[in-house]
Amino acid sequence: MGCSPCRAPRCSPTPRWRKNRGRALGVNMTQGVTEVAQTTYNLHMLIFWICVVIGVVVFGVMFYSMWRHRKSKGYKAAQFHESTAVELAWTIVPTIILILMAIPATKTLYDIYDTQEADLDIMITGYQWKWKYDYLGSEVSFFSNLSTPRTQIDNQQPKSANYLLEVDEPLVVPVGKKIRFLITANDVIHAWWVPELAVKKDAIPGFINESWTRIDEPGLYRGQCAELCGKDHGFMPIVVKAVPQAEYDSWLGERAESTAKMKALTEKTFTFDELFAQGEKVYNRACAACHQPNGQGVPGVFPAIAGSKVAMGPLDAHLSMVIHGSPNNPAMQAFGPQLSEVDLAAVITYQRNAFGNDMGDTVQPIDILNFKNKQ
């Protein structure tokens, strides 16, 4: 699900595939919107036509020879075993062709791997099944999750134009700037792939791969994980939003201010109703995909929250499960690095009081912070 190149739609009023040669049939590669993407496309077309010419010449000579010198006309096969001239010809000519093809290919590869002198560095970390973006040199950091409604996934509503390619938080970047991506993963191997930016890199736990782009056209550019990373691989989209520098600066300032406010909220005491309401939102965003919106889980696959021994058991055990994950079940992720102290306190409060659990517990953000610090 969500693995083929044709699943990545274009977001301009006129779809870009209409402008690309061969795209109408879906048989050619994406032309892209960056200089590197265009160079890669041009190289692809150059090599393609060289191969076409070679194929036409070779098969043309072959078919002509078979027709012109067929046995029915009295021809006998010529014997030229161990011919020095023939050996030299079919060695030297292909070598020259390969050298001529290697010159533009080497230059393109050099451009693709040249990540030096970047204007902006962004750390991209793959999680099952979402992306985390850290703007290095600032306090801005957030997760990007699939935002396609569950009703569409379950075929209860018609699919949207960007079905399974919508996120709650796009990666926002400025146009006209060289952006270096540092790509890794937290759990299994993922791959960060945006066809129109000509960026596709494996995200491997314990390793950091580099790539870069420079986007000249403002707009939305969509992609997805291109590595089979688990059962929800097809639910791990990417959206890059390229905006003018002034708009980017404004957005970055607002995000930095929001991050500072969130940290300050750690020391605030919330009412039960505030935590419960926020917890429901966090649960539907981060937990409902596995444990279901009604808390019943998926029998034999994901445990229920309703009546759960964890949600209705000792608070410390519940905190440990949500913050650190389950050592016995890799599907239960560690949400400590993914959610803020406020969201963690809210979702745990919600789980202990929703679905008929009615534990009456209220967990404050400072409780989460203290629990983390004593580990």
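Structural data are supplied above this passage.
The text that follows walks through the structure, step by step, so that each part is easy to find. Counting of residues starts from 1 at the beginning of each chain's written sequence and follows it residue by residue. Where totals are concerned, whole chains, interfaces and linings use all residues; where local detail is concerned, this predicted model gives features only for residues with pLDDT of at least 70, and gives and counts side-chain atom pairs only at 80 or more. In computing side-chain properties, one takes all heavy atoms of the structure into account and sets aside hydrogens as well as water.

Two strands make a pair as long as DSSP finds a minimum of two bridges between them. The way it works is that DSSP assigns letters per residue, a run of H or I at least four long becomes a helix, a run of E at least two long becomes a strand, and they are numbered from the N terminus. The five strands are arranged 3-2-1-5-8 in an open sheet whose pairing can be described as mixed. Whereas interior strands pair on both sides, the edge strands pair on one side only; in this sheet they are strand 3 (141-144) and strand 8 (209-213). Strand after strand, the sheet turns through a mean of 25° between neighbouring axes, direction not considered. Relative to strand 3, strand 2 (residues 130-135) runs antiparallel, the two being bridged by four bridges. If you follow Lys-132 over to strand 3, its bridge partner there is Phe-143. To obtain an axis, a line is fitted to C-alpha atoms, over the contacting stretch when the element is a helix, and the angle between two such axes runs from 0 to 180 degrees between their N-to-C directions.

Negative phi characterises most residues that are not glycine, and trans characterises most peptide bonds. With omega at 0°, the peptide bond leading from Gln-128 into Trp-129 counts as cis. With respect to the helices, strands and loops of the structure, Trp-129 is situated in the loop between strand 1 (120-127) and strand 2. Positive phi, normally seen in glycine, also occurs at Glu-117, with a value near 55°. Within the secondary structure, Glu-117 sits in the loop between helix 2 (84-112) and strand 1. Remark: exposure states derive from per-residue accessible area (1.4 Å probe, protein chains only) relative to the maximum for the residue type, with buried under 20%, exposed over 50%, and partly exposed in between. For Glu-117, a relative accessible area of 72% translates into the label exposed. For Asp-358, which is not glycine, the phi dihedral falls at a positive 50°. For Asp-358, the position within the fold is in the loop between helix 8 (341-353) and helix 9 (365-374). Under the relative-accessibility criterion, Asp-358 is labelled exposed at 59%.

This part is about the packing of helix 7 (residues 315-324) against helix 9. Direction vectors running N to C along helix 7 and helix 9 enclose 80°, while the axes themselves pass 11 Å from each other. Between helix 7 and helix 9, the interaxial angle falls into the category roughly perpendicular. For the pair helix 7 and helix 9, contact is made by Asp-316, Leu-319, Ser-320, Ile-323 and His-324 and by Ile-368, Phe-371, Lys-372 and Lys-374, respectively. Per-class residue counts for the contact of helix 7 with helix 9 are four nonpolar, two polar and three charged. For classification purposes, angles smaller than 35 degrees are called roughly parallel, those larger than 145 roughly antiparallel, those between 65 and 115 roughly perpendicular, and all remaining angles oblique. Here a residue-residue contact requires only that any non-hydrogen atoms of the pair lie within 4.5 Å. Residue polarity follows a fixed list, in which Ala, Val, Leu, Ile, Met, Phe, Trp, Tyr, Cys and Pro are nonpolar, Asp, Glu, Lys and Arg are charged, and the others, Gly among them, are polar.

Next up on the list: the pairing of strand 4 (residues 171-174). Neither face of strand 4 is exposed, since Leu-171 and Val-173 on one face and Val-172 and Pro-174 on the opposite face are all buried. Relative to strand 10 (residues 237-243), strand 4 is paired through four bridges, and the arrangement is parallel. Paired with Val-173 across the strands is Ala-242, a residue of strand 10.

Quick look at a nonpolar patch on the surface now. Taken together, the side chains of Ile-54, Val-58, Phe-59, Met-62, Phe-63 and Met-66 define a hydrophobic patch exposed on the protein surface, amounting to about 560 Å² of accessible area. By the secondary structure assignment, Met-66 is in helix 1 (residues 35-68). Patch building starts from residues that exceed 30% relative accessible area and form no salt bridge, then joins like charges within 9 Å and nonpolar side chains (Val, Leu, Ile, Met, Phe, Trp, Tyr) within 5 Å. Using a 1.4 Å probe, accessible areas were evaluated by the Shrake-Rupley method; residue-level cover was limited to the displayed protein chains. In what follows, salt bridge is the name for a side-chain nitrogen of Lys or Arg lying within 4 Å of a carboxyl oxygen of Asp or Glu.

Below, the discussion takes up the pattern of salt bridges. A pair can form between side chains of opposite charge whenever their charged atoms are brought close. Per the stated rule, a full pass over the model turns up 10 salt bridges. Between Asp-111 and Lys-107 there is a salt bridge, with its nearest N and O atoms 3.4 Å apart. Remark: Lys-107 and Asp-111 occur in helix 2; sequence separation between them is four residues, near one turn of the helix. In this structure, the salt-bridge partner of Asp-121 is Arg-180, at a minimum N-O distance of 2.9 Å. Here Arg-180 lies in strand 5 (residues 179-185) and Asp-121 lies in strand 1, a separation of 59 residues in the sequence.

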